Amino acid sequence: MARRLLLDRFDAAPPTRPAEESDMSNVHPSRRWAGLAAAAALGLWLGGARPASAQDEAVGFGVDEFTSGDCDWVGATDLNHSAEWADLVDDIFADEGFGQTTKWIDGGVDGRDFTDVSKEIDFGDDDDDDNGADHADVALLVTHGGHVHDAGGYYSEFLMGDEGEGDDWLSCVPNTREHFLLGNGGADDAEIAILAACQSAHYDVWTDGGYFDVRLRDGTFNTWLGFHGNSYDGSEDRNHFENYLEDSFSNGVGDNWLDELYRNPWGSDNEQCPTAVIFCETENDCITQFYFGGFQDRFKVGTSDTKSLSKIFYFGGCNPGAGPTLPN
Amino acid sequence: MTRNHRSSYAAASVLALAVGFAAQSAPAQPASLAGLLAKMDKSGVVGKEPAFYSGTFAWNASTALSPARAGGALAGEALETLTVDPRRTTARSPHYRYEWRPAAGAAFLQWREDVPPSPYPVPGGPAGVVDDAVRRLAALGVVREEIALVRRLPLLSQALAEDSSTPTAPRLEAWKVFLERRLGGTAVEGSRAVFTYTPDGTLTKALIRWPSLDPDPSHHRTNAGVAPNEAALAVARYLIETGQTDVGGAIVLDFSFRSEDVLVGAEQRPALRLTRKVEATLDEARPAPEDGLHERIRVAVVDPRPPALP
């Protein structure tokens, strides 16, 4: 509890925003325990906040630093705007009345935040850890990504800023098949995930059912937003993401994603192709969520629906880098 | 369907991918200014000397996007205001719901969820949606010279059942018309209007962000006379200063107007003050390894002639 009070925003907390001033968002929670425990021992323990599950929660994870830290062996290039995306989640969801919003950047982002212990991996901690992606209702990850599509399986993968506890190098690059599982722990689990990374909602992975692995048939998770092919790290994209968030609390959580994040820069074969994957029971349910779901009400057609169907939405003919042109 | 495979494949594949990523994608490191300049694709800034729009900057999003105005111009029917708070105003008409965020110059018109869709195609049906979108935006008071078509795109969907291995065929859900704001041929970053139509051409949505501009043209910096080579040099110097020299592919240049928020007029209404900058897309920062991680494409924005410090 102590670390949440110091790191997160609660609607029961004073109007100041401790998360912003903490400047600890690039340090994973587990590494702060010593300091926080000491703070508690010194009488800084604050009680009275509501449990996290009783309120709307959003969390933003963004990695800009790849040339230092535990995962630098991958050799990826640093990015410039990932932390800003996480800031936007932290700020805008708080302004819109979410009871708890959190951001993590760089070394504060590791495989535990997006992996599930039920997938038989020893570093899975996304819902047991209060700050993991599956502890929130809406989660964002901004980083480098990719996809695999061969005889071994079909999945997207994401590069973390830190390898996490246990120094398990696998946790630097968790993937949707072996590691991710969202919405599997109860009513307060994730319903919407935004994956701002290359090939994060890749058409080729979807056509072979690759994203079914990130949810359960009877779980809460229903909306997976990302990109087919390459994506961009620019201030323009950051601004469009801000617009997307501002516009999508009531309606349009899927449709607005496509409208705002589509990009057609100078040149050729370089469009940014946003895609939305919705899980539901019937096609109409998916369509309703795509057009009329919002961050406030999330799954419009009810969280009890069976998520046995997956529906993808995309722009026909969109032609990105690092991905085939989408069907037209 | 192979999605139920479970194996130790992942460990081996991730290692292989990561090694491949590091080994195959090691970029050529242009260590010098000349090395970076050699990678510049200047086709996007050639022949784009500014012909800055010389007309009025009178468009006022603080009034033009109000429900009273947008009802007739956008929806074609009166919008009744429902709620007003500091962040947004909501309204509805017989067929549409509407959200207006005055401070951002943003509006969101959408066919109401509780009203069954009915065919009400625009003139020309699907073939007329671009003209219709431009007409509606102009009806809000946006001058036609500012409105540029990006693309008309089909929104498609497909479905896949968990126990099936074959997705349904692509289905046309809607037509999307992407419009952007251009001044003298240069895009204004962040100004965009996306109109959505059913396959038969009925308007179902308009997502608009078209903020006011500072009405005094002299307050905008057009960086007139910046030649392609000057733009390229400014970008190369910026990349060296910021350590972003690990570029494997081309550096694609374009001009765009970037903005800062200001308050203008006696009523201190929000507006944008523009500066024409060079946008450098570090295309394919590293060659993509087969079936591995891909890096997000970085976009650097550089003022080719920054104002002198006071």
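The notes below deal with the structure included here. The model shown is predicted, which means the values in this text are computed figures rather than measured ones.

Take the overall build of chain B next. A tally of regular secondary structure across chain B gives six helices and 13 strands. At a minimum sequence separation of 6, the contacts of chain B that also span at least 24 residues come to 61%. In the form shown here, chain B has an accessible surface area of approximately 13,000 Å², with 56% of it arising from carbon and sulfur atoms.

Of the regular secondary structure elements, chain A holds eight helices and 10 strands. For chain A, with 328 residues in total, the buried portion stands at 69%. When contacts within chain A are restricted to residue pairs at least 6 apart in sequence, long-range pairs at least 24 apart make up 74% of them. As displayed, chain A has an accessible area near 9,200 Å², and 49% of this comes from carbon and sulfur atoms.

Before going further, it helps to spend a moment on the state of the cysteines. Residues and elements named next belong to chain A. For the structure on display, the rule yields three disulfides over all chains. Each disulfide pairs two cysteine sulfurs, and for C280 the partner residue is C286, the sulfurs being separated by 1.8 Å. On the sign convention where negative means left-handed, the S-S torsion of about -95° between C280 and C286 marks this disulfide as left-handed. Its relative accessible area of 0% is what places C280 among the buried residues. Its sulfur unpaired, C198 is 11 Å from the next cysteine sulfur, which belongs to C273.

A separate point is the pattern of salt bridges. Taken as a whole, this structure holds 38 salt bridges over all chains when the rule is applied. Linking E271 of chain A and R151 of chain B is a salt bridge whose minimum nitrogen-to-oxygen distance equals 2.5 Å. Note that E271 of chain A is positioned in the loop between α7 (255-261) and β9 (273-280) and R151 of chain B in strand β6 (residues 147-161), a pairing that runs across two chains. Residue R151 of chain B is classed as partly exposed on the basis of its relative accessible area of 24%.

To continue, consider the interface of chain B and chain A. Tallying the contact residues gives 78 residues for chain B and 97 residues for chain A. Across the chain B/chain A interface, buried area totals approximately 7,400 Å², and carbon plus sulfur atoms make up 49% of it. Summed over the shared surface of chain B and chain A, the result is 13 salt bridges. For E96 of chain A, the salt bridge is made with R88 of chain B, and the minimal N-O distance between the two is 3.1 Å. Inspection of the chain B/chain A interface yields 42 residue pairs in polar contact (both at pLDDT 80 or more). It is β6 of chain B that provides the largest number of residues to the side of chain B that touches chain A, a total of 11 residues. Considered class by class, the residues forming the side of chain B that touches chain A number 32 nonpolar, 17 polar and 29 charged. One ladder, built from seven bridges, connects strand β10 (residues 309-315) of chain A with β6 of chain B; its direction is antiparallel. Within β6 of chain B, the residue paired with L309 of chain A across the bridge is A161 of chain B.

Another point: the packing of helix α4 (residues 82-95) of chain A against helix α6 (residues 235-247) of chain A. All names here are of chain A. The contact between α4 and α6 brings their axes to 10 Å, and the two run at 20°. Classified by the angle their axes make, α4 and α6 are roughly parallel. Judged by the sense of rotation from one axis to the other, the crossing of α4 with α6 is right-handed. Here E84, W85, L88, V89, I92 and F93 of α4 lie close against α6, whose contacting residues are D237, R238, F241, E242, L245 and E246. When its residues are assigned to classes, the contact of α4 with α6 shows seven nonpolar, no polar and five charged.

Before going further, it helps to spend a moment on unusual backbone geometry. A positive phi is found at A322 of chain A, a non-glycine position, where the angle reads about 55°. Considering the arrangement of structural elements, one finds A322 of chain A in the segment after β10. A322 of chain A gets classed as partly exposed once you look at its relative accessible area, which sits at 23%. Backbone geometry at Q268 of chain B places phi at a positive 55°, although glycine is not the residue there. Within the secondary structure, Q268 of chain B sits in the loop between β10 (251-264) and β11 (269-282).

All names here are of chain B. Taking burial as the measure, the seven residues of strand β9 (residues 203-209) include seven buried ones, the bulk of the element. Where strand β5 (residues 106-111) lies against β9, five bridges are found, and the strand directions are antiparallel. Considered in β9, the bridge of A107 is made with I208. For strand β8 (residues 186-197) and β9, the ladder comprises six bridges, and the chain directions are antiparallel. Paired with A193 across the bridge in β9 is I208.

Cut-offs used in this document
All residue numbers here refer to positions counted from 1 along the written sequence of the relevant chain. Think of it this way: whatever chain is written first is A, whatever ligand is written first is 1, and the rest follow in order. Given that the model is predicted, a residue must reach a pLDDT of at least 70 before its local features are reported, and side-chain atom pairs must reach 80 or more before they are shown or counted; all residues, however, enter totals for whole chains, interfaces and linings. By convention in this description, side-chain values take in all heavy atoms of the structure and omit both hydrogens and water. Numbering goes from the N terminus for both helices and strands, where a helix is a DSSP run of H or I of at least four residues and a strand is a run of E of at least two. Between two residues, a contact is recorded if the distance between any of their heavy atoms is within 4.5 Å. Using the Shrake-Rupley algorithm and a 1.4 Å probe, accessible areas are obtained, with residue cover drawn only from the displayed protein chains. Only protein chains enter the accessibility calculation, which uses a 1.4 Å probe. A residue is then buried if its area is under 20% of the maximum for its type, exposed if over 50%, and partly exposed in between. A pair of cysteine sulfur atoms is labelled a disulfide when the two atoms are within 2.5 Å. Salt bridge, as applied in this entry: a Lys or Arg side-chain nitrogen positioned within 4 Å of an Asp or Glu carboxyl oxygen. By definition, the buried area sums, over both parts, the 1.4 Å-probe accessible area that each loses when the two are put together. Here a polar contact is recorded for every N or O atom pair within 3.5 Å, except that within protein the pair must consist of a potential hydrogen donor and a potential acceptor, and residues adjacent in sequence are included only if both atoms are side-chain atoms. Amino acid classes used here: Ala, Val, Leu, Ile, Met, Phe, Trp, Tyr, Cys and Pro are nonpolar; Asp, Glu, Lys and Arg are charged; the rest, including Gly, are polar. At least two bridges found by DSSP between two strands is the condition for calling them paired. Think of each axis as a best-fit line through the C-alpha atoms, taken over the contacting stretch in the case of a helix, with angles from 0 to 180 degrees between the N-to-C directions. The cut-offs work like this: below 35 degrees is roughly parallel, past 145 is roughly antiparallel, 65 to 115 is roughly perpendicular, and the gaps in between are oblique. Less than a right angle of anticlockwise turn of the near helix away from the far helix marks a crossing as left-handed, whereas a clockwise turn marks it as right-handed.

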